[in-house]
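Now for the letters of each chain:
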Amino acid sequence: VSLDAATTQPNGLDQDYATLVDSNTGYQVRKVMNNDADFTWKLKIGYQWGDLGGLAVSYWSFDNEDSTSATDNTNYVYPTVFGAYAYNVGGVYSLYNFPVDYKATSKTKASTLDLDYFRPTDIGEKTTIKWIAGLRSATFEEDRGFNGIDGSGYYYIQSRHMKSDAFGVKVGAAATFNFTEHFSLQGGMAFSFMQANNDAKATDNSSGTFDQIKAKDDKVRGEIRDFDVRAVWSWERYDFYVGYGGQTW
């Protein structure tokens, strides 16, 4: 049984929410949400039958919310959460009568459920390789929102929701380098090849108009790459570790 607790920083989500256009020069600035770090946890339960290897089930979860707000007196604000143009407005017009007040929000949820077969192999007096093969189920969910109003009372309320469910195979390996009886270094990596489906919906509610776009794709191929390195201290039947790792989705 193992428990992993970590501070996790999401990167590369590219959650843009508005474009600011200078009212005097016309220069543009693309505004992107700053995603803060949050707490994640992973629980693993398994059993090993000696040299025959073992089976392990693990669950990892991430849930994070971010927001930002501002009052602008120099830039026209074009909200971009809705994205592509639709029938009515689709985010192509701006909030331009100063002052412009707006707030943007985001929420990201991700989880994985793994069933792994693992088998350790000694390749030296102090080095062990643990081979991993198994199945993985993954879910990624993202919500983004924009709520803004200008000095004349014209407003934009935009939202976007996307969810992806995936399933596939996972292969990997982890190496343990023993330095002393109680201290070792471990490093591992794994690759998951996934088949996924995506569902998404975006809405735009501005003064006097309403737009909606839906999207669905049941045949999406994806990949998740895991890596980690850790220092491990052993005491009787317990291991305590600290390290660094990540996932690329």
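For the structure given in this document, a descriptive report is provided here. (Residues numbered from 1 in each chain as written. Predicted model: local features only at pLDDT ≥ 70, side-chain atom pairs only at ≥ 80, totals over all residues. Heavy atoms only, no water.)

Notes on the environment of Ser23
Logical step 1: Here Ser23 is to be found in the loop between strand 2 (16–22) and strand 3 (28–32).
Logical step 2: Given the relative accessible area of 26%, Ser23 is considered partly exposed.
Logical step 3: Sequence separation between Ser23 and Ala70 is 47 residues, and the spatial gap between their C-alpha atoms is 17 Å.
Logical step 4: Contacts of Ser23, omitting those with residues within four sequence positions, involve Thr74, Asn75, Tyr76 and Phe98.
Logical step 5: A distance of 2.8 Å separates a polar side-chain atom of Ser23 from the backbone oxygen of Thr74. (Helix = DSSP H or I, 4+ residues; strand = E, 2+ residues; numbered from the N terminus. Buried < 20%, exposed > 50% of the residue type's maximum accessible area, 1.4 Å probe, protein only. Contact = heavy atoms within 4.5 Å. Polar contact = N/O pair within 3.5 Å; in protein donor to acceptor, adjacent residues only side chain to side chain.)

Observations regarding the packing of aromatic side chains
Logical step 1: Taken as a whole and judged by the stated rule, the model has 13 aromatic pairs.
Logical step 2: Ring geometry for Trp235 versus Tyr238: centroids 6.2 Å apart, planes at 20°, classification stacked.
Logical step 3: Among the residues examined, Tyr238 registers a relative accessible area of 49% and is labelled partly exposed.
Logical step 4: Lying across the ring of Phe118, Lys130 places its NZ or CZ 5.3 Å from the centre.
Logical step 5: Residue placement shows Arg230 over the ring face of Tyr241; its charged tip is 4.0 Å from the ring centre. (Phe/Tyr/Trp six-rings, centres within 6.5 Å; stacked < 30°, edge-to-face > 60°. Lys NZ or Arg CZ within 6 Å of the ring centre and 35° of its normal.)

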